[in-house]
Amino acid sequence: MKLNVAVQMDPIARINVRGDSTFALLLEAQKRGHGLSYYTPEKLSQKGEEVVAPVQVLSVRDDVGDHFTLGEPRREPLSAFDVILLRQDPPFDLAYITSTHLLERLHPKTLVVNDPAAVRNAPEKLFVMDFPQLMPPTLISRDLDEINAFRSEFGAVVMKPLHGHGGAAVFRVMPQDMNFGSLFDMFTVTFREPWVIQRFLPEVKHGDKRIILVDGEFAGAVNRVPAADDLRSNMVRGGAAKATDLTDREREICTTLGPALRKRGLLFVGIDVIDGNLTEINVTSPTGIRAIANLGGPDIAAKIWDVIEAKRSQK
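Parameters and conventions
Residues numbered from 1 in each chain as written. Predicted model: local features only at pLDDT ≥ 70, side-chain atom pairs only at ≥ 80, totals over all residues. Heavy atoms only, no water. Buried < 20%, exposed > 50% of the residue type's maximum accessible area, 1.4 Å probe, protein only. Helix = DSSP H or I, 4+ residues; strand = E, 2+ residues; numbered from the N terminus. Pairing = 2+ DSSP bridges. Right-handed = clockwise from strand over helix to strand, strands pointing away. Axes fitted to C-alpha atoms, helices over the stretch in contact; angles between N-to-C directions. Polar contact = N/O pair within 3.5 Å; in protein donor to acceptor, adjacent residues only side chain to side chain. Salt bridge = Lys/Arg side-chain N within 4 Å of Asp/Glu carboxyl O.

Visitor: Any chance you could explain the pairing of strand β7 (residues 83–87) here in plain terms?
Guide: Two faces belong to every sheet, and in a regular strand the side chains alternate between them. Taking burial as the measure, the five residues of β7 include five buried ones, the bulk of the element. With burial as the criterion, each face of β7 is covered, one bearing Val-83, Leu-85 and Arg-87 and the other bearing Ile-84 and Leu-86. As judged from the five bridges shared by strand β1 (residues 4–9) and β7, these two strands associate in the parallel manner. Each bridged residue has a counterpart across the sheet, and for Val-7 the counterpart in β7 is Leu-85. Of the strand pairs in this sheet, β7 and strand β8 (residues 111–113) are connected by three bridges, and their pairing is parallel. Across the sheet, Ile-84 pairs through a bridge with Val-112, a residue of β8. After leaving β7, the chain enters helix α2 (residues 94–104) and then returns to the sheet as β8, a path that is right-handed.

Visitor: What should I look at first to understand the sheet that holds strand β12 (residues 195–199) in this one?
Guide: Paired through backbone hydrogen bonds, the strands of a sheet run either parallel or antiparallel to each other. If you walk across this open sheet you meet the four strands as β9-β12-β10-β11, and the pairing is antiparallel. In the strand order of this sheet, the two ends are held by β9 (138–141) and β11 (171–173), each with one partner. Put simply, the sheet's adjacent strands are angled 25° from each other on average, direction ignored. Bridge analysis of β9 against β12 gives four bridges, and the strand direction is antiparallel.

Visitor: Looking at this model, I keep getting lost on helix α1 (residues 21–31). Mind explaining?
Guide: Burial within α1 is extensive, with nine of its eleven residues counted as buried. Residues Ser-21, Thr-22, Phe-23, Ala-24, Leu-25, Leu-26, Leu-27, Glu-28 and Ala-29 constitute the buried set of α1. For α1, the side-chain oxygen to backbone nitrogen distance between the N-cap and Thr-22 is 2.9 Å, and the N-cap itself is Asp-20.

Visitor: I'm lost on unusual backbone geometry in this one. Help?
Guide: Note the cis peptide between His-107 and Pro-108, where omega equals 10°. Here Pro-108 lies in the loop between α2 and β8. Of note in this structure, Ala-169 is not a glycine but carries a positive phi near 55°. Position of Ala-169 relative to the elements: it lies in the loop between β10 (157–161) and β11. Here Ala-169 falls in the partly exposed class, since its relative accessible area comes to 23%. Of note in this structure, Gln-176 is not a glycine but carries a positive phi near 55°. In this fold, Gln-176 is placed in the loop between β11 and α6 (180–190).

Visitor: Would you mind going over the pattern of salt bridges with me for this structure?
Guide: Charged atoms that come close allow side chains of opposite charge to pair. Inspection of every chain in the model, using the stated rule, returns 19 salt bridges. Of the charged contacts, one joins Arg-264 and Asp-130 as a salt bridge, the two residues approaching to 3.8 Å between their closest N and O atoms. Here Arg-264, found in helix α7 (residues 248–264), pairs with Asp-130, found in the loop between α4 (124–127) and β9; they are 134 residues apart in sequence, far enough to count as distant. Residue Arg-264 is classed as partly exposed on the basis of its relative accessible area of 30%.

Below you can see the structure in the form of structure tokens.
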């Protein structure tokens, strides 16, 4: 089966070829003979009932500094494609939300991965709150009294923006922390949405495990160990990727989440687990599949395309 595939992503010239999951998906699609086209989110338009973009034919190579070639832009109705990969990074702002509304008009006749309505309705640090039994104690708020009451109950906490990504603006706040007032003021000015306040998990020093689920099934995992002088384990923040296996608790988490992910059409999901505690469900543009493959793990890109092809063959 040869598919006509478009990818909505951030500028391809800027990606980290060695670590980018989107690039792994594109390489696998090209290997299978699928046709690839590319456009960036701000180029998406709707005219009447038609959703269009100036797409460019794309070819990819696994060569740092010379990883892609683009054809000339041509205005195309996106309904002409079999599959659209929705792979733009957050911020999950009104521009992102608008793009999900436009792509929703195409899905499922054109298969959008992940389902744009489900992406819109499952903000990564809010969707996870559907599973409190799997999580550390967590508060979503920007109210000072609520935050102080939570800190009094749980001691050291992590504080981060609700719609942040990539480990940006993640802080540990200790009990009686003299910096808290200034941090609260900075968050108040910088972030209009509520924030995530979560009990600090000291075992993060041993790693924050990224687990990939494909169509609700466990597909692979990597343990991301933070640098000695950093709280954050994200690989873009200096975290080291280590091979890992799942614990019984982590398998329980995957089994619990699987049906909810399948029901929502969230085909490619990355969850974060620290010391047996689920902290995030990443549905926009999860990373980790190249790191897993580089450590001798399974080829998750191939599994994702197996699922996509099976879904298209059912049309």
